[in-house]
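Letter by letter, the chains look like this.
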Amino acid sequence: MKFIEILGFPGSGKSTLKEKINKKKLIFSLEYIFYQSLFSENKNISLLQYKFLYYLNKKKFYDIAFDNYLRKKNYLANIIKKKINHSNNDFYKNNINLYNSYKKLLNFSSYSIIKKKRILKRFVYFTGLYNFVKKKNKFREYKILQDEGFYQKVFLNYKIENKLVYLCIKRYFNSIPKGVKILFVDEKIDVCIDRLSKRQKYFNYKNIELEKKIYLRIKKMLNKDYLNKRSKKIML
């Protein structure tokens, strides 16, 4: 598969860019391919209500599917867990440094223990989807466009800023699988902060001055070592 990640500060307009690029629906997401495969391979009547929801509102379905994966015990949850965990175990063998670096990075965040566990589960869920699609020969020529990928996951709510934070980010970046291409949405960070303060859902900036400093430093790191090799910048 050809994997392209849309990257930018939270609130930069990644989802908007994704919709513009994919008007003809010729580029897919990891979730789309995974759940299309799941439904085509399983005809059980227990999945019927989820199929209806999937075709009516994919965004809502993806959120519910992840919640099922986390804690609910039903037919859908069992299938997801089996497929994701099997795929992720295979991915983990060759990407241990990626996981270790991300776990350490979460320790620098201001999240509660419960939320850190949820974010880590979301990370495992994402890498499981990524490996599932990558390993299937029938998806080899597919173009995947993801607006919440490997690089985007460093934009956390941080509680401290020091050399260890940047060292951990760099180690994490260096552990990302080869072949990931980046489209960087180069929006001003103050514009992004203002957008999210009005939206008040999903991610929001907490310690604004601290996070601005870290995020701008991350952008410099990307410009220096990654964006020029794996991507191009885009201004909406």
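Residues numbered from 1 in each chain as written. Predicted model: local features only at pLDDT ≥ 70, side-chain atom pairs only at ≥ 80, totals over all residues. Heavy atoms only, no water.

> Can you lay out the overall build of the protein for me, pointing to particular residues and giving the numbers?
Assigned secondary structure in the protein consists of 11 helices and 4 strands. Each of the three principal axes of the protein carries a C-alpha extent, and together these read 50 × 40 × 40 Å. The burial tally for the protein puts 50% of its 236 residues in the buried class. Restricting the contact set of the protein to residue pairs at least 6 apart, pairs at least 24 apart contribute 78%. When the accessible area of the protein is evaluated, it comes to approximately 13100 Å², of which 52% is carbon and sulfur surface. In the protein, 56 side chains carry a positive charge and 18 a negative one; their mean positions are 5 Å apart. (Helix = DSSP H or I, 4+ residues; strand = E, 2+ residues; numbered from the N terminus. Buried < 20%, exposed > 50% of the residue type's maximum accessible area, 1.4 Å probe, protein only. Contact = heavy atoms within 4.5 Å. Areas by Shrake-Rupley, 256 points an atom, 1.4 Å probe, with all protein chains shown as cover. Lys, Arg positive; Asp, Glu negative; His and termini not counted. Charge placed at Lys NZ, Arg CZ, Asp CG, Glu CD.)

> Kindly report on the packing of aromatic side chains, identifying the contributing residues and their values.
In total, this model carries 38 aromatic pairs according to the counting rule given. Where Phe-155 meets Tyr-215, the ring centres are 4.9 Å apart and the plane angle is 85 degrees; that geometry is what we call edge-to-face. Of this pair, Phe-155 sits in the loop between β2 (143–146) and α8 (163–175) while Tyr-215 sits in helix α10 (residues 208–225), and the two are 60 residues apart along the sequence. A single burial state applies to Phe-155 and to Tyr-215, both of which are buried. The side chain of Lys-58 reaches across the aromatic face of Tyr-54, ending 4.7 Å from its centre. Sitting over the face of the ring of Tyr-166, Arg-217 holds its NZ or CZ atom 4.1 Å from the ring centroid. (Phe/Tyr/Trp six-rings, centres within 6.5 Å; stacked < 30°, edge-to-face > 60°. Lys NZ or Arg CZ within 6 Å of the ring centre and 35° of its normal.)

> Outline a nonpolar patch on the surface, listing residues and values.
Among the surface-exposed residues, Leu-48, Phe-52 and Leu-56 lie close enough to one another that they form a single nonpolar patch of about 350 Å² accessible area. Looking at the secondary structure, you find Phe-52 in helix α3 (residues 48–56). (Patch = residues over 30% accessible without salt bridge, like charges linked within 9 Å, V, L, I, M, F, W, Y side chains within 5 Å. Salt bridge = Lys/Arg side-chain N within 4 Å of Asp/Glu carboxyl O.)

> How would you sum up the pairing of strand β1 (residues 2–7)? Please name residues and give values.
Inspection of the sheet shows β1 paired to β2 by 4 bridges, in the parallel sense. When the sheet's bridge partners are listed, Glu-5 is paired in β2 with Gln-146. In terms of strand pairing, β1 meets strand β3 (residues 180–185) through 5 bridges, oriented parallel. Residue Ile-6 lies in a different strand from β3, and its bridge partner there is Leu-183. (Pairing = 2+ DSSP bridges.)

> Outline the nonpolar core, listing residues and values.
Ranked by internal contacts, the top residues of the largest apolar core, which has 71 residues, are Tyr-35, Phe-150, Tyr-158, Ile-169 and Phe-173. Counting residues per element, this core draws most heavily on helix α7 (residues 113–135), which supplies 9 residues. Contacts of Tyr-35, omitting those with residues within four sequence positions, involve Tyr-54, Phe-61, Tyr-62, Ala-65, Ile-80 and Tyr-125. Core analysis: the second largest hydrophobic core is formed by 6 residues, Leu-17, Leu-145, Leu-183 and Val-185 among them. (Core = buried A, V, L, I, M, F, W, Y, C linked by side-chain atoms within 4.5 Å.)

> Pulling in residues and values, what's your account of the packing of α8 against α10?
Put simply, α8 and α10 touch, their axes get as near as 11 Å, and they point 40 degrees apart. The angle between α8 and α10 falls in the class oblique. In this structure, α8 meets α10 at a crossing whose hand is right-handed. Residues Tyr-166, Ile-169, Lys-170 and Phe-173 of α8 form the contact with α10, whose participating residues are Lys-213, Ile-214, Arg-217, Ile-218, Met-221, Leu-222 and Asp-225. Considered class by class, the residues forming the contact of α8 with α10 number 7 nonpolar, no polar and 4 charged. (Axes fitted to C-alpha atoms, helices over the stretch in contact; angles between N-to-C directions. Parallel < 35°, antiparallel > 145°, perpendicular 65-115°, else oblique. Left-handed = near helix turned anticlockwise from the far one by under 90°. Nonpolar A, V, L, I, M, F, W, Y, C, P; charged D, E, K, R; others polar.)

> Tell me what's going on with the pattern of salt bridges, and back it up with residues and numbers.
For the structure shown, the criterion picks out 10 salt bridges. Between Asp-63 and Lys-59 there is a salt bridge whose closest N-O contact spans 3.8 Å. Of the two residues, Asp-63 and Lys-59 both sit in helix α4 (residues 58–70), 4 residues apart, roughly one turn of that helix. We classify Asp-63 as partly exposed; its relative accessible area is 25%. For Arg-195, the salt bridge identified is with Glu-187, shortest N-O distance 3.3 Å. A relative accessible area of 12% means that Glu-187 is categorised as buried. A single network of salt bridges, built from pairs that share partners, joins Asp-67, Arg-71 and Arg-118.

> Help me get a handle on the side chain of Lys-116, residues and values and all.
One can find Lys-116 in helix α7. Despite its burial, Lys-116 pairs with no opposite charge; the closest candidate is Glu-211, at 13 Å N-O.

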